[in-house]
Structure formats: structure tokens, C-alpha cells
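Descriptive analysis of the structure
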Amino acid sequence: MNMEEKLYTIELHDALVSGDECPFCYLERDLEQKAIEFVLGSSYMESDTRDQTDRKGFCRRHTKMMYDYGNSLGNAWILKTRMKHVREGLKKEMAGFKAEPASMFGKFRKKEPDSGTSVGAWIRKEESHCYVCGRVDETYRRVIDTFLYQVKNEKDFLKLVKESKGFCVHHFADLVDACGQGLGKKEQDAVFPVLFEQMNRELDRIQEDIDWLIEKYDYLNKDKDWKNSRDAVQRTMQKLVGGHPADPVFRSQK
Ligand SMILES: [Zn+2]
Ligand SMILES: [Zn+2]
């Protein structure tokens with residue numbers, strides 16, 4: 001790791017002891033909210049930020065978050081110049097568009113299976129980046145680096161991981177890949193058994209919770225304890241795909 005890059009040791013520690021179903025979901029939520037606050041705070045009037053939001057735009061999820069957050073004037077400024085950027089690009093693409101006959105189109109598809117038409121490809125490229133996703137991903141990658149750094153340098157770190165509730169399946173992919181690429185053989189031999197055993201154990205726990213929720217609806221079980229099933233739906237959703245589906249809408253406090 002580049003030594004100039006910040007380590008997120010404290011943030012990672014806090015996330016691991018937070019009791020969340022996934023420390024990376026926990027951090028991601030914080031990063032996402034901070035990015036929304038930043039862009040709809042005062043920074044949307046700064047030309048370098050606006051230049052970036054013009055070029056990168058926003059994915060559907062973060063567009064919805066920006067609407068929910070509030071600040072109509074801020075959103076309007078951001079939309080005004082992003083709109084200009086999209087209109088200019090699209091106009092150029094449409095002006096240069098050459099319709100291909102169906103047979104030729106088939107040939108092109110073979111060469112570039114995902115490209116479709118030039119206009120479609122341009123739009124999809126514009127949809128492939130998002131200002132908020134970009135900001136979140138940048139820090140998230142460093143948090144993953146911090147995880148690896150801690151595995152290498154902090155002997156009690158794996159104990160802390162073991163005591164946490166594990167990871168959502170979505171973030172687990174990134175973690176396993178990062179450990180596979182960034183750790184030596186000896187470290188991998190220490191870390192993978194811990195991660196895999198924990199993943200099995202925690203997924204078993206979630207399965208029990210969701211199973212019991214269904215059982216609770218049986219008349220025969222109506223007086224029995226809920227155990228940990230009351231919020232099993234949202235926790236199972238998170239465990240499978242990441243995120244916090246039961247979170248209230250994130251709104252400006254102003
Ligand atoms: Zn997660
Ligand atoms: Zn996004």
C-alpha cells in the first residue's frame with residue numbers, strides 16, 4: 001500500500017464492533033451520506049465540484065437519495081449543468097449516427113457484443129459512472145486496504161473479526177478477492193479459514209432467524225418468543241445483497 005494513503009484503522013474498528021450485519025455496509029452508509037451532504041451542502045456552487053458532477057452525473061440510487069435529501073435549489077443547479085453536458089454529448093452522438101442494416105448490425109454485434117448502436121453505447125457509458133459512487137468507492141477501497149494492513153500488522157485483529165457478525169455476501173466478494181490478491185501465502189492460510197468459518201456460522205444464524213419468523217406466524221407458535229426474528233427480513237436482505245433496507249430516508253437536517 002502507498003504510505004501516503006490514509007489508513008481507516010479507527011473507522012474499521014468501530015464498524016467491526018458496531019453490531020451491524022456487515023462492517024462494510026456500516027462504513028458505506030456513512031460515506032454515502034457524507035457524499036450526499038457534501039454535494040448538496042455548499043460545494044455544488046464550487047466550479048471544480050460542479051465540473052465533476054457535470055461529467056460524472058449520478059446513478060439512479062443516488063439521484064433518488066439526492067431528491068429525498070432535499071435542497072431543491074442545490075439539486076436544480078446540479079441538474080441544470082449536468083443536463084447541458086448530457087444534451088451536448090447526445091446531440092453530437094445523434095448527429096453522427098449511422099443506422100446499420102439488420103445484417104450488418106449482426107456482424108457488428110459479433111465484434112463488439114455489448115456495443116449495440118453508437119448512441120446506445122454512449123448513453124450506457126454515461127450511466128456507468130456516478131459522482132457519489134465514485135467518492136464512496138475511493139474510500140471504500142482504502143478501507144479494504146486497511147483491513148489487509150491490519151491482518152498483516154495487528155495480531156489481535158482477526159480476533160476482532162471473529163467476534164463481529166461477519167459480512168454481507170456482496171461485500172464478502174471484495175474482501176475475499178482483496179485477501180487473495182494482497183496477502184502472502186502464510187497470511188492467507190491464517191485468514192481464509194477464519195473468514196469462511198465465520199461466514200458459514202453467521203449465514204446459519206441468519207437462516208435460523210428468517211426460518212423462525214415464518215414459524216412464528218403459525219398459530220401454534222403465537223405465544224412463543226420472537227427470539228431474534230423481529231427484524232429478520234431486513235437483516236436477511238442486507239446479508240444477501242448489502243445495504244440497510246429498513247433505514248429511514250436520509251434528509252437534510254437544515
Ligand atoms: Zn456489506
Ligand atoms: Zn451512485
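Everything quoted here is computed from the prediction, not taken from an experiment. (Residues numbered from 1 in each chain as written. Chains lettered and ligands numbered in written order. Predicted model: local features only at pLDDT ≥ 70, side-chain atom pairs only at ≥ 80, totals over all residues. Heavy atoms only, no water.)

**Focus: the packing of aromatic side chains**
- Considering all chains together, one arrives at 10 aromatic pairs under this definition.
- A ring pair is formed by Tyr69 and Phe250, whose centres lie 5.4 Å apart and whose planes are at 35 degrees; its orientation type is tilted. Of this pair, Tyr69 sits in helix 4 (residues 60-69) while Phe250 is found in the segment after helix 12 (232-241), placing the two residues 181 residues apart along the sequence.
- Relative accessible area serves as the criterion here: at 8%, Tyr69 is assigned to the buried category.
- Classification of Phe250 as buried rests on a relative accessible area of 16%. (Phe/Tyr/Trp six-rings, centres within 6.5 Å; stacked < 30°, edge-to-face > 60°. Helix = DSSP H or I, 4+ residues; strand = E, 2+ residues; numbered from the N terminus. Buried < 20%, exposed > 50% of the residue type's maximum accessible area, 1.4 Å probe, protein only.)

**Overview of the coordination of the zinc ion (ligand 1)**
- Within the protein, Cys22 (SG), Cys25 (SG), Cys168 (SG) and His171 (ND1) serve as the donor atoms for the zinc ion (ligand 1), at 2.0 to 2.3 Å.
- Between the four donor atoms coordinating the zinc ion (ligand 1), the angles at the centre fall across 99 to 114 degrees, so the site counts as tetrahedral.
- Donor residues binding the zinc ion (ligand 1) come from one chain and are separated in sequence as C-x2-C-x142-C-x2-H. In this pair, Cys25 is assigned in helix 2 (residues 23-40) and Cys168 in the loop between helix 9 (157-163) and helix 10 (169-182), connecting sequence segments 143 residues apart. The same class applies to Cys25 and to Cys168, which are both buried. (Donors = N, O, S within 2.8 Å, 3.2 Å for Na, K, Ca; no water. Tetrahedral: all angles 85-135°; square planar, octahedral: opposite > 155°, others 65-115°.)

**Points about the nonpolar core**
- If you look at the biggest cluster of nonpolar residues, it comprises 30 residues, and the most contacted ones within it are Phe24, Phe147, Phe167 and Leu195.
- The element contributing the most residues to this core is helix 8 (residues 131-153), with six residues.
- Those residues in contact with Phe167, other than ones at most four positions away along the chain, are Glu21, Cys22, Pro23, Phe24, Phe147, Val161, Phe172, Leu175, Leu195, Gln198, Met199 and Lys239.
- Membership of the second largest hydrophobic core comes to 17 residues, among which are Ala35, Ile36, Leu40 and Val132. (Core = buried A, V, L, I, M, F, W, Y, C linked by side-chain atoms within 4.5 Å. Contact = heavy atoms within 4.5 Å.)

**What about the coordination of the zinc ion (ligand 2)?**
- Within the first shell, the zinc ion (ligand 2) binds the protein through Cys59 (SG), His62 (ND1), Cys130 (SG) and Cys133 (SG), at distances of 2.0 to 2.3 Å.
- Relative to the metal, the four donor atoms surrounding the zinc ion (ligand 2) lie at angles of 100 to 115 degrees, and the coordination shape comes out tetrahedral.
- In the primary sequence, the donor residues of the zinc ion (ligand 2) line up as C-x2-H-x67-C-x2-C. Take Cys59 and His62: they sit in the same class, and that class is buried.

**Quick word on helix 12**
- Looking at helix 12, one finds that the buried residues are Ala232, Arg235, Thr236, Gln238 and Lys239. Looking straight down helix 12, one finds its buried side chains confined to an arc of 160 degrees; they lie on one side. Across from the buried face of helix 12, at angles greater than 90 degrees, the exposed residues are Leu240 and Val241.
- Of the surrounding secondary structure, the elements contacted by the buried residues of helix 12 are helix 2, helix 10 and helix 11 (185-216).
- Immediately beyond the C-terminal end of helix 12, within one or two residues, lies Gly242, with a positive phi of roughly 85 degrees. (Arc of directions from axis to C-beta.)

**Quick notes on the side chain of Asp68**
- Its place among the elements puts Asp68 in helix 4.
- Once residues lying within four places of it in the same chain are set aside, the contact partners of Asp68 are Val249, Phe250 and Arg251.

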